[in-house]
Every structure is written in structure tokens, then in C-alpha cells.
Amino acid sequence: GAEGALSLVYGRLVYVAFLLQVKLIYSLPLLGRSVMLLLSALLHAYDSFEMHWASEHRGVASRFRLIESHWLFFVGYGGVLAALSAGLRFWDLFVLRAVLYPIYIANAPHARYSDAPTRRLPVFQACFGVINSALQLAELRMRPSRS
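K.L.:
Sorry if this is basic, but what is going on with the packing of aromatic side chains here?
P.N.:
Given two aromatic rings, one states the distance between the centres and the angle between the planes to describe the pair. Under the counting rule described, the total for this entry stands at 19 aromatic pairs. Centroid distance Phe73 to Phe74: 5.2 Å. Interplanar angle 90 degrees. Geometry classified as edge-to-face. Across the ring face of Tyr15, the terminal group of Arg12 is positioned such that the distance to the ring centre comes to 4.5 Å.

Printed below as a string of C-alpha cells:
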């Protein structure tokens, strides 16, 4: 219902904020391209697991926390797609993703990321902070004033 739709919109807002963060990081000298590749791999992994996690009724924050807690696994999972995204022309990538994404999505329920715990890498926290602050500000502005 409405809660599912709001969760979807919230997830997309965090996702877009993270994309913007990746774009900003890419512009940094020296490490920008490498860090962008790592973060893009996490996004490709998220895309692959999103349907599975939604079917498990896992919340948006929980999904991103899972990636942060098992980031080495997810970098590996999305690394090939991220590398291809960085190196291929748009239409070549479009065709390749059309073939590969269904395989990645079908494999997601069988992945064993819990066997590979790592120190948490809180890469999505800035995005949650920005989105949550913006939503709180919007809520405050929409409240009727008490005159």
C-alpha cells in the first residue's frame, strides 16, 4: 500500500543522493576515479539485490546497512558491472547489462554475503543524513502555523 510506495520513494531519494555523491567524488584528483569505481560497484550490487530484499520486506535503511556491513562481498558482486560501466560506450553497456542483470538478480537470493563480515564502511550515511534532514525540513514547513 501507501507504506510500500513511500518506502520506494525514500529508497530512490537515498539512491539519487548517493549517485550525486559518487559524481562529486569522481571529480577529486588522484583517488576520485578509484573510489567512484568502488562506490559504483556497491550500487550495481544494490540494484541486483533490491528485488530480493523487497520480497523479504527488508526496509530501505536495512538494505543499505547490509551493503555497508558486507561491503567487500558487494564490491566483488557489482565490480564487473561497475568496471564495464566505466569502460564501455552507452549502447554497448546497455546491451551487456540487459544480458547480465537478470543473471545477477536471479543469483541474489543464493548469495552468501553473511559468510563474509567486514568492518562496516558507512558510505551511505551522508545520503541518509541529507535526505532525512530535507524531509524533516519539509515536514516542518508543511505543519500549520499556530497563530
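K.L.:
Explanation requested: unusual backbone geometry in the structure shown.
P.N.:
Negative phi is the rule for most residues except glycine; trans is the rule for most peptide bonds. With phi around 70 degrees, Leu30 is a residue other than glycine that occupies positive phi space. Here Leu30 lies in the loop between α1 (2-26) and α2 (32-55). Relative accessible area serves as the criterion here: at 86%, Leu30 is assigned to the exposed category. The phi dihedral of His57 is positive, around 60 degrees, even though this residue is not glycine. Here His57 falls in the exposed class, since its relative accessible area comes to 72%.

Thresholds applied
- Residues numbered from 1 in each chain as written.
- Predicted model: local features only at pLDDT ≥ 70, side-chain atom pairs only at ≥ 80, totals over all residues.
- Heavy atoms only, no water.
- Phe/Tyr/Trp six-rings, centres within 6.5 Å; stacked < 30°, edge-to-face > 60°.
- Lys NZ or Arg CZ within 6 Å of the ring centre and 35° of its normal.
- Helix = DSSP H or I, 4+ residues; strand = E, 2+ residues; numbered from the N terminus.
- Buried < 20%, exposed > 50% of the residue type's maximum accessible area, 1.4 Å probe, protein only.

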